[in-house]
Amino acid sequence: MTSRKLVGLFFKTLLFGGIAGLLSSFFIEWERYAAVMNPFDFMEILGLLLFFTGLGLVFSAVSQTGFFAYLFINQFGLGIFRSYWKTVQIVLIAFVVFDLVYFPYQEAKGSIPLYMFILMSASILVYGLIVAKIKAQQTNQTAFIPALFLMVVMTALEWVPGLRVSGYEYALLMIIPLLVCNTYQLLILHKLSQIGEAKGKVDKTPAKKAVRV
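Treat the numbers as computed from the prediction; the structure is a model and nothing was measured. (Residues numbered from 1 in each chain as written. Predicted model: local features only at pLDDT ≥ 70, side-chain atom pairs only at ≥ 80, totals over all residues. Heavy atoms only, no water.)

A count of helices and strands for the protein chain gives seven helices and zero strands. Each helix and strand of the protein chain, ordered N terminal to C terminal, gives the series α-α-α-α-α-α-α. Taking all 213 residues of the protein chain together, 38% fall into the buried category. Of the roughly 13000 Å² that the protein chain leaves accessible, carbon and sulfur atoms contribute 71%. Considering the protein chain, the positive charge centre built from 17 side chains and the negative charge centre built from 10 side chains are found 24 Å apart. (Helix = DSSP H or I, 4+ residues; strand = E, 2+ residues; numbered from the N terminus. Buried < 20%, exposed > 50% of the residue type's maximum accessible area, 1.4 Å probe, protein only. Areas by Shrake-Rupley, 256 points an atom, 1.4 Å probe, with all protein chains shown as cover. Lys, Arg positive; Asp, Glu negative; His and termini not counted. Charge placed at Lys NZ, Arg CZ, Asp CG, Glu CD.)

Structure representation (structure tokens):
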């Protein structure tokens, strides 16, 4: 992948993160919007829009950092564990799904019902399964487990700062842009590589003909 494609991927992912952060704030922080709508305060509304868009951009940067770390970890795991890397990833996925229930519930100290954390963890797992299935259909079946690993394990690691903050609002504001950005990067990566290969083939053909002539 060329540096131009990397830059394009970076800014497009930022855009998706900013939009996801802003749109999710309309539902999660609707009370803050309602407070400045009556009476109408343009500057306060503008400040909220810029603030939540900025949060989405920050979370997008976190997602991109985690995504490129995932690419390194995947290659490193293949080199170390070889044929067992798939099994290791499955174990880590199961471990993280459990941790998303156990540790936040312990941190909440009973203030939030246990079923809420189970629902949260199950939702991330189900979403990851759907995205991984799409990735496998677009590429090959061997991509399913690595894709699920990214959507569950890496997203959970990126989400740790949000889980440590008191209150669920910030955690929700963070997880949505993370999932959106990770999904976009995962599903677009192989397409960018295919485009690059196709262009390379097109560019090489005229060059060979020119030499022969």
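So much for the structure itself; the text now carries on.
Attention shifts here to the UniProt feature "transmembrane region" (unreviewed entry) in the protein chain. Per the UniProt record, the feature "transmembrane region" (unreviewed entry) sits at residues 7-28, 48-72, 84-105, 111-131, 143-162 and 168-189. Spanning residues 84-105, this segment combines 95% helix with 0% strand, and its end C-alpha atoms are found 32 Å apart. (UniProt positions renumbered as here; feature names shortened; annotations may be inferred.)

This next bit is on the packing of aromatic side chains. Enumeration over the complete set of coordinates arrives at 14 aromatic pairs. An angle of 85° between the planes, with centres 5.7 Å apart, marks the rings of Phe-59 and Tyr-170 as edge-to-face. Linking Phe-59 in helix α3 (residues 42-81) with Tyr-170 in helix α7 (residues 168-212), this pair joins segments that are 111 residues apart in sequence. (Phe/Tyr/Trp six-rings, centres within 6.5 Å; stacked < 30°, edge-to-face > 60°.)

Of all residues in the protein chain, 90% attain a pLDDT of 70 or more, and the chain-wide mean is 88. The low-confidence segment residues 202-213, where pLDDT is below 50, has zero contacts with residues more than four positions distant or belonging to other chains. (pLDDT = per-residue confidence, 0-100. Contact = heavy atoms within 4.5 Å.)

With that out of the way, let us pick up the nonpolar core. The biggest cluster of nonpolar side chains holds 39 residues, and the ones touching the most others in it are Ile-93, Leu-100 and Trp-159. Elements represented by at least two residues in this core include exactly α2 (30-37), α3, α4 (85-108), α5 (114-138), α6 (144-164) and α7. Take this core: its biggest share by element is ten residues, from α6. In contact with Trp-159, not counting residues within four places along its chain, are Leu-100, Met-120, Ile-124, Ala-171, Met-174, Ile-175 and Leu-178. (Core = buried A, V, L, I, M, F, W, Y, C linked by side-chain atoms within 4.5 Å.)

Attention now goes to α3. Over its 40 residues, α3 extends 57 Å from the first C-alpha to the last, a length consistent with the 58 Å expected when each residue adds 1.5 Å. Two to three positions downstream of the cap, the backbone nitrogen of Met-43 sits 3.3 Å from a side-chain oxygen, assigning the N-cap of α3 to Asp-41. (Expected span 1.5 Å × (residues − 1). Polar contact = N/O pair within 3.5 Å; in protein donor to acceptor, adjacent residues only side chain to side chain.)

Turning our attention to a nonpolar patch on the surface. On the surface, Met-37, Phe-40, Phe-42, Met-43, Leu-46 and Leu-50 cluster together into a nonpolar patch covering about 670 Å² of accessible area. A per-element tally of the nonpolar patch places α3 first, with four residues. (Patch = residues over 30% accessible without salt bridge, like charges linked within 9 Å, V, L, I, M, F, W, Y side chains within 5 Å. Salt bridge = Lys/Arg side-chain N within 4 Å of Asp/Glu carboxyl O.)

Quick look at the side chain of Glu-158 now. Note that Glu-158 resides in helix α6. No salt bridge is formed by the buried Glu-158, whose closest oppositely charged neighbour, Arg-164, lies at an N-O distance of 15 Å. If we skip the residues at most four places from it in the chain, Glu-158 touches Val-62, Ser-63, Gly-66, Phe-67, Met-174, Leu-178 and Asn-182.

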